[in-house]
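# Observations on the three-dimensional arrangement
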Amino acid sequence: MSPLKTSFPKGKMKIVILESISQSAVESFKKAGYTQIEQYPGALSGEELDEVLKDAKVVCVRSKTQLTEEVIQKAKKLVAIGCFCIGTNQVDLDAANKAGVCVFNAPFSNTRSVAELVIASAIMLIRRIPDKDKAAHAGEWDKDSTNAHEIRGKKLGVVGYGHIGSQVSILAEAMGLKVFYYDVENKLPLGNAEEVTDLKTLIEDCDLITLHVPGTNGTKNLFDKQVLSWFNKGQMLINMSRGNVVDIEALKTALEDGRIGGAAVDVFPEEPKNKAEKFSSPLQNISNVILTPHIGGSTEEAQWNIGLDVSAKLIKYIESGSSIGSHSIPELSLPKMEDTHRILHIHKNVSGVLSEINSKISKLDVNILGQYLSTNIDVGYVVLDIAKNDSLDTLKELRQIEHTIKVRILY
Ligand SMILES: NC(=O)c1ccc[n+]([C@@H]2O[C@H](COP(=O)([O-])OP(=O)(O)OC[C@H]3O[C@@H](n4cnc5c(N)ncnc54)[C@H](O)[C@@H]3O)[C@@H](O)[C@H]2O)c1
Ligand SMILES: O=C(O)CC[C@@H](O)C(=O)O
């Protein structure tokens, strides 16, 4: 069988890679025949971002590049976005859906890296290592054990018992912690973990609280002044989820008051776009506080695997139309193309579009060999496998259908 070709030559397909994504992704694209790859070390924004996306078919980002509605609308040629991380909150998913742009992420390639850092941070905080470390660097020999504890037997409260929260739970139990969790969904407790249905009780009863919720409108300032007031016995807080989940000024006050005994914070409401930008935070220079530059998932293992995972999804979508794992347009799992042409039609989900597509195709006297459809509230995604023919004419016809968002053809 001849190698799969796409309607748009791979050599002309511009792939923009931002934020120093792993070379495993670059290698995968190259191996698959994509040669027009533009790489940038940090995030871009404003006119600079618009300019590089003007003729891009694919953009690959991590957590910094903000792909807003405006950016997506200006990037007229964009077919897919790859979030080379777990979080997708940096992308306006609704705008991507309506523009027919498929958004993928890597849902669990850095999960273990985050979980390991949470356990490490828990030990560091409960032993008050940040202060001991600073003192030793400053030439002070402080062997005092006051307020330094083992984590064995302590109570860990996990907020958000998804992929990361549940991995933390397993590792924590192995270290002798007793695990409790709070989630808005009903979750299977792993090991001996116990669900607590009330956040206040979880905070009041636990020694350490770790946050693993996604960054959404619903979790914005989830730990606000009031919730932080439930910390009143020096419990520790770990935030490796998203910066705006915690009211950072209220956290500063609670740390300075001693109501919170320490914090490990990896994510911030304002984060530098690249290495050259300076980082500043209200939490700097507070006792028993660990600040890390959003590196929960930054291990070589995780980044390499993320590169492979997301690039494979993007390549599969470009070359077969399969949108499994999409966070925007509807998901469709598709069979292999067998001696057919494949039409991918993304349209507004209004009545009549499908019948118009079928009527156009029947007028062209083209045999339909397979048809697949998936819809969400705004968008319909229909895929047609048709007998080989002069497909470009078919494409022209399908583009004229009212409510069409994007059409591609694979042959
Ligand atoms: N610091 C880092 O480098 C780093 C790395 C990876 C992921 N993250 C962040 O961690 C987040 C979680 O990742 P995950 O893979 O575990 O996601 P996940 O989707 O598997 O789990 C999230 C859990 O949070 C729950 N949840 C949602 N809203 C909630 C609320 N208001 N209260 C309680 N629970 C709520 C969900 O039901 C789900 O169980 C990501 O979305 C990302 O923002 C950060
Ligand atoms: O690599 C990043 O920039 C983000 C990592 C992390 O927050 C994620 O969502 O996976």
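Bear in mind the structure is a predicted one, so any value in this text is a computation, not a measurement.

## Thoughts on the domain arrangement of the protein
Splitting the protein by domain gives domain 1 (1-110 + 299-329), domain 2 (111-291) and domain 3 (332-411). Facing 24 residues of domain 1, the contacting portion of domain 3 comprises 17 residues. Of the roughly 1,600 Å² buried where domain 1 meets domain 3, counting both sides, 51% is carbon and sulfur surface. On inspection of domain 1 and its partner domain 3, the count reaches 0 salt bridges. If one sorts the elements of the side of domain 1 that touches domain 3 by residue count, helix H11 (residues 300-320) sits on top with 4 residues. Looking at side-chain class alone, the side of domain 1 that touches domain 3 contains 10 nonpolar, 9 polar and 5 charged residues.

## Describing the state of the cysteines
Under the counting rule described, the total for this entry stands at 0 disulfides. Of all cysteine sulfurs, the one in Cys83 lies closest to Cys60, which takes part in no disulfide; the gap is 9.6 Å. Its sulfur unpaired, Cys83 is 5.3 Å from the next cysteine sulfur, which belongs to Cys85.

## Some points on the site of ligand 2
Inspection of the region around ligand 2 gives Arg62, Ser63, Cys85, Ile86, Gly87, Asn110, Arg242 and His294 as its neighbouring residues. Asn110 is positioned such that a nitrogen or oxygen atom in its side chain is 2.9 Å from an oxygen atom of ligand 2. Note that an oxygen atom of ligand 2 is positioned 2.5 Å from one of the side-chain N or O atoms of His294. Considering ligand 2 on its own, with 300 Å² of exposed area, one finds that the protein chains cover 90% of that surface. Looking at the shell around ligand 2, its residues break down into 2 nonpolar, 4 polar and 2 charged.

## Topic: the sheet that holds strand E8 (residues 194-195)
Read across the sheet, 7 strands follow the order E8-E7-E6-E9-E10-E11-E12 without closing on themselves; strand pairing throughout is parallel. The open sheet has two free edges, formed respectively by E8 and strand E12 (289-291), since each of these has just one partner strand.

## What to know about the packing of helix H1 (residues 23-31) against H11
In the contact formed by H1 and H11, the axes pass within 7 Å of each other and the chain directions differ by 30°. Compared by their axis directions, H1 and H11 come out roughly parallel. In this structure, H1 crosses over H11, and the sense of that crossing is right-handed. Residues Gln23, Ser24, Ala25, Glu27, Ser28 and Phe29 of H1 form the contact with H11, whose own contacting residues are Gln303, Trp304, Gly307, Leu308, Ser311, Leu314 and Ile315. Classifying every residue of the contact of H1 with H11 by side-chain character gives 6 nonpolar, 6 polar and 1 charged.

## Some thoughts on the sheet that holds strand E5 (residues 102-104)
Read across the sheet, 5 strands follow the order E2-E1-E3-E4-E5 without closing on themselves; strand pairing throughout is parallel. The outermost strands of the open sheet, each flanked by one partner alone, are strand E2 (37-39) and E5. Strand-to-strand twist in this sheet, taken as the mean axis angle between neighbours without regard to direction, amounts to 15°. With 4 bridges connecting them, strand E3 (residues 58-61) and strand E4 (residues 80-83) associate as parallel partners. Counterpart to Val58 in the pairing with E4 is Ala80. In the packing of H11 onto the sheet, the strands contacted are E3, E4 and E5, and the crossing angle to E4 comes to about 165°.

## Considering the packing of aromatic side chains
Aromatic ring pairs are described here by two measures, namely the spacing of the ring centres and the angle between the planes. The tally for this structure, following the rule as stated, stands at 5 aromatic pairs. Ring geometry for Phe29 and Tyr34: centres 6.3 Å apart, planes at 80°, overall edge-to-face. Given a relative accessible area of 0%, Tyr34 falls into the buried group. Ring centres of Phe104 and Tyr317 lie 6.0 Å apart, and the angle between their planes is 65°; on these two criteria the pair is classed as edge-to-face. Here Tyr317 lies in helix H11 and Phe104 lies in strand E5, a separation of 213 residues in the sequence.

## Brief notes about the site of ligand 1
Around ligand 1, a shell composed of 26 residues is seen, among which His163, Ile164, Asp183, Met240 and Asp266 lie nearest. The separation between an oxygen atom of ligand 1 and a polar main-chain atom of His163 is 2.8 Å. For ligand 1, an oxygen atom lies 2.9 Å from a polar atom in the backbone of Ile164. Computed on the free molecule, ligand 1 has an accessible area of 860 Å², of which 87% lies beneath the protein chains in the complex. Of the residues that constitute the shell around ligand 1, the class distribution is 11 nonpolar, 10 polar and 5 charged. Of the domains in this structure, domain 1 (1-110 + 299-329) and domain 2 (111-291) are the two that each give at least three residues to the shell around ligand 1.

Cut-offs used in this document
- Here the residue numbering is sequential within each chain, running from 1 through the sequence in written order.
- Note on labels: chains are lettered from A, ligands numbered from 1, in written order.
- For this predicted model, a pLDDT threshold of at least 70 governs which residues receive local features, and a threshold of 80 or more governs which side-chain atom pairs are given and counted, while totals over whole chains, interfaces and linings are taken from all residues.
- Side-chain numbers come from the whole structure's heavy atoms, not from hydrogens or water.
- Residue ranges for the domains trace back to a domain assignment, done automatically or taken from a database.
- Only heavy atoms matter for contacts: two residues are in contact if any of them lie within 4.5 Å across the pair.
- Take the accessible area each of two parts loses on contact, using a 1.4 Å probe, and add the two losses: that sum is the buried area.
- By convention in these notes, a salt bridge is any Lys or Arg side-chain nitrogen within 4 Å of a carboxyl oxygen on Asp or Glu.
- Going along the chain from the N terminus, every DSSP run of H or I of four or more residues is numbered as a helix, and every run of E of two or more is numbered as a strand.
- Amino acid classes used here: Ala, Val, Leu, Ile, Met, Phe, Trp, Tyr, Cys and Pro are nonpolar; Asp, Glu, Lys and Arg are charged; the rest, including Gly, are polar.
- By definition, disulfides here are pairs of cysteine sulfur atoms that lie within 2.5 Å.
- Being near a molecule or strand, for a residue, means having at least one of its heavy atoms within 4 Å of it.
- Pairs of N or O atoms within 3.5 Å make up the polar contacts considered here, provided that, within protein, one atom can donate a hydrogen while the other can accept it, and that residues adjacent in sequence are counted only when both atoms are side-chain atoms.
- Computed with the Shrake-Rupley method and a 1.4 Å probe, the accessible areas treat only the protein chains shown as cover for residues.
- Strand pairing is assigned whenever DSSP identifies at least 2 bridges connecting the two strands.
- Angles here are taken between N-to-C directions and fall from 0 to 180 degrees, while the axes themselves are lines fitted to C-alpha atoms, restricted in helices to the stretch in contact.
- Orientation labels follow simple angle bins: below 35 degrees gives roughly parallel, above 145 gives roughly antiparallel, 65 to 115 gives roughly perpendicular, and whatever is left gives oblique.
- In this scheme the handedness of a crossing depends on how the near helix is turned from the far one: anticlockwise by less than a right angle means left-handed, clockwise means right-handed.
- Classification of ring pairs rests on two measures: the distance between centres of Phe, Tyr or Trp rings, Trp counted by its six-membered ring, which must be within 6.5 Å, and the angle between planes, read as stacked under 30 degrees, edge-to-face over 60 and tilted in between.
- Any residue under 20% of the maximum accessible area for its type is buried, any over 50% is exposed, and the rest in between are partly exposed; the area is computed with a 1.4 Å probe on protein chains only.

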